[in-house]
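# Examination of the molecular architecture
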Amino acid sequence: MADIAVDIPAPRASFFARHRRALLGLLAVAVFLAAWQAVFLVVPFNPLFVTKPSLMLAGLLDMIETGELVDALLASGTPFCLGLAAAAVVGVAVGIVMGWRTRVGYALDPLLTVFYASPLVALAPLVVVFFGVGTGAKTMIVFLLAVFPFIFNACAGTRAVDRLLIDVVRSLGGRERDLYVKVIVPSVLPYIVAAARIAVGRALIGVLVGEFFAASEGIGYAIARFGDLFALDRMFACILVIMIIAIALTEGIRWAERVAFPWRVGQ
Amino acid sequence: MSKIDALPSDIVAADRAAAAPGRSLWRRYEATILGAGSIVLLLAVWEALPRLVTLSAGTKLFFTTPSHVVGTLWSMFATGSIWAPLGVSAGAFALGLGIAIVVALPLGVLLGRSATLSALFDPFITAFNATPRLVFLPLVMLWFGLGLWSKVVIVFIGALFPLLINTYEGVRNADKLLINVVRSFGADEWAVARLVVVPNALPYIMVGLRLAVGRAILGVVVAEFFGSTEGLGVVMVRAASSYHVDVVFAGLIVFAALSLAMTAMVKLVEDRLQRWRPQHAND
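Just so it is clear, the model here is predicted, and its values are computed rather than measured.

Cut-off values and rules
Residues numbered from 1 in each chain as written. Chains lettered and ligands numbered in written order. Predicted model: local features only at pLDDT ≥ 70, side-chain atom pairs only at ≥ 80, totals over all residues. Helix = DSSP H or I, 4+ residues; strand = E, 2+ residues; numbered from the N terminus. Buried ≥ 20, exposed ≤ 12 C-beta atoms within 10 Å, placed from the backbone. Contact = placed C-beta atoms within 7 Å. Axes fitted to C-alpha atoms, helices over the stretch in contact; angles between N-to-C directions. Parallel < 35°, antiparallel > 145°, perpendicular 65-115°, else oblique. Left-handed = near helix turned anticlockwise from the far one by under 90°. Nonpolar A, V, L, I, M, F, W, Y, C, P; charged D, E, K, R; others polar. Expected span 1.5 Å × (residues − 1). Arc of directions from axis to C-beta.

### Details of the overall build of chain B
Across its full length, chain B carries 12 helices and 0 strands. In chain B, the succession of helices and strands from N to C terminus is α-α-α-α-α-α-α-α-α-α-α-α. Within chain B, the fraction of its 283 residues that count as buried is 37%. When contacts within chain B are restricted to residue pairs at least 6 apart in sequence, those whose partners lie at least 24 apart make up 74%.

### Digging into the packing of helix H6 (residues 124-131) of chain A against helix H11 (residues 232-241) of chain B
In a pair of packed helices, the angle between the axes and the distance between the axes together describe the arrangement. Contact pair H6 of chain A / H11 of chain B: the axes reach a minimum separation of 9 Å and the direction vectors enclose 15°. Between H6 of chain A and H11 of chain B, the angle falls in the class roughly parallel. When you trace H6 of chain A past H11 of chain B, the crossing you get is right-handed. Taking contact as the criterion, the partners of Pro125, Leu126 and Val129 of chain A in H6 of chain A are, on H11 of chain B, Val237, Ala240 and Ser241 of chain B. The class makeup of the residues in the contact of H6 of chain A with H11 of chain B is 5 nonpolar, 1 polar and no charged.

### Here we look at the packing of helix H8 (residues 148-172) of chain B against helix H10 (residues 189-226) of chain B
Residues and elements named next belong to chain B. In the contact formed by H8 and H10, the axes pass within 7 Å of each other and the chain directions differ by 160°. Our classification of the angle between H8 and H10 gives roughly antiparallel. When you trace H8 past H10, the crossing you get is right-handed. Grouping the constituent residues of the contact of H8 with H10 by class yields 20 nonpolar, 8 polar and 4 charged.

### Here we look at helix H3 (residues 53-66) of chain A
Residues and elements named next belong to chain A. Over its 14 residues, H3 runs 20 Å from end to end, which matches the ideal 20 Å to within 8%, given 1.5 Å per residue. All of the buried residues in H3 are Met56, Gly59 and Met63. The buried residues of H3 occupy an angular sector of 65° when the element is viewed end-on, so they sit on one face. Seen from the open side of H3, the exposed residues pointing more than 90 degrees away from its buried face are Leu61 and Glu65. Contacts made by the buried residues of H3 are with helix H4 (68-100) and helix H11 (232-260). Following H3 by one or two positions, Gly67 has its phi on the positive side, about 80°.

### Thoughts on unusual backbone geometry
Even without being a glycine, Phe230 of chain A presents a positive backbone phi close to 60°. You can see Phe230 of chain A is positioned in the loop between helix H10 (219-228) and H11. We note that Tyr243 of chain B has phi near 65°; this positive angle belongs to a residue other than glycine. Within the secondary structure, Tyr243 of chain B sits in the loop between H11 and helix H12 (245-273).

Quick look at the structure:
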C-alpha cells in the first residue's frame, strides 16, 4: 500500500504538501502510542493483562542491555538463514528445470501444488519428533515452508523467458549451459526476488512455529515464555522486535525490486 | 496482486491450451499422465520402503505408510470420530472468516475512497501485513483463553489483511471517468460505491478471499496446535506426541482437501462474477 498517489510536487508546494502521506502516517502512529499510554490514566492498569508503551520500551532496553535479546535473535536467526538459503538454492534449481524441461514440469507440478496448498505447518510436530528440539528441526520447518514460492516462481519465470533470445543463442552456437547462464537466469531473477519476499514471510512463520512448539531458546520461545510468566512488557517488546524485523525484510526486498528491476514496477 | 505470484495451475493451463489438437493420445494426455504418474510413483515408493529396507525400531515409531494413513482416515469417518473435532475447527474457521469479511470490505472501500484515511491507516496495515500473525498467538491466548474465541481471533487477523488490501486496491483502480459520469448525474458517495466502485473491485476482492481462505485454515491449524483443547489440530498434536503418525497425516489430508476445495469454490464464483466483463480485469 505504499507509494501511491503522491502528486508530482509543484515547485512551490509546501513541505507538508509534498510529504503529506508519510506525515499523516507518522501522526497516526504517534497518536496511537500516545492514546495507548494515556488511556490508563482513566482505565485501571493491570500489568498482568496489558502493558504501556513506556513499560514496553523499558523492557526492550533492559533486554538489549543484558544481551538477552541478541542471544534470542541469534538463536532464531541461524535456522532462519540456513533454511531460507537452502530453500532458495533447492527451490530455484528445481523450478528452473521444471520450467525449462516441459515434461519435468508436467510430472512435478500437480505433486508440488498439493504440497503447497496443504498447511505444511501441520507437519511441525512430526519434524520436531524426527529432528529433535533445536536448530535442526527449525531449519527443516523453515526450509519446508519457504521452498515452494521459490520453485513456482522460478518455474513461472523460466517459462516467461523470451524464446527469441534462446533461438539467437542457439544459432550463434551456444550450448545448453550458455542458455542457462546468459538468458534464463537474468530473466528469471525478478521472479526469484519476488519469491524471496513471499518466502521470507513463510520462513518467519516457520521459525515461530518451531520455537512455540519445542525450543529452549530464540525469540519465539521468548515470546511464549514471557506470556507464561505474565511479563507482558517484555512480551510486547519481543513482538515489536519481530514486527520491525519483518517490516524491514519485506519492505527491503520490495525496495530492492523497485531499484533493480524498475521495468517490473506496476505489474 | 502482482502477476509474478503466478499460480501453478495457470501455468499448466496455458501449456495445455497451446497443445495443438489432433495429436496422438499420448501427446494429448501427456501432462495428466506424467502428473498423476509422479504422485502414484511417490506413494508406491513410500508404501514399499518398509518392505525393502529394514527400519530401525526407533524409526519405525514415527514411520507410516500411505495404506495405513488411508485406513486410519477411513475409520475416522466410519466411526464418526472425526466429526466432532472437525466441527469445532470449522466453526472457528467460519466465524473468523465471516467477521474478517464483514470488517474488511467496508473498511477497504472507505480507505480506497479517502486518501487521508488510507494515509492514516497505511503504517498499521503495512506493519501487520508484514508480520507473521502467529507472533500474536501467545498474547491472544492470554486475552481470550483456550477456547473458541482465541482461535476466531487468530483466523480473523490472518484473513483480514489479504481481504482489506485487495479491496483497497480494487477500489483505487476504479475508472475515474465512470465515477465522474455517475457524479454528474447526481449520485452521492453511496451510489458511486454501489454502481462503480464495488463492481469494479469484485475481482480483486475474490482474489483476496482466495488468499484469505488459505490463511484462515492455516490460522485454525496453528491456533489449535498451541492453545486449544478441542479441534482437529488438537487431535493431530496429541497423535504426534503419542507416535500415531498416521493420524497426523490423516489430519493433514483433511485440512489440505478442505483448503483445495474451498479455494476451488472461490475460483468458481470468481469466474462466474467475471462473465459479464469484456476481458479479465487484472489483465
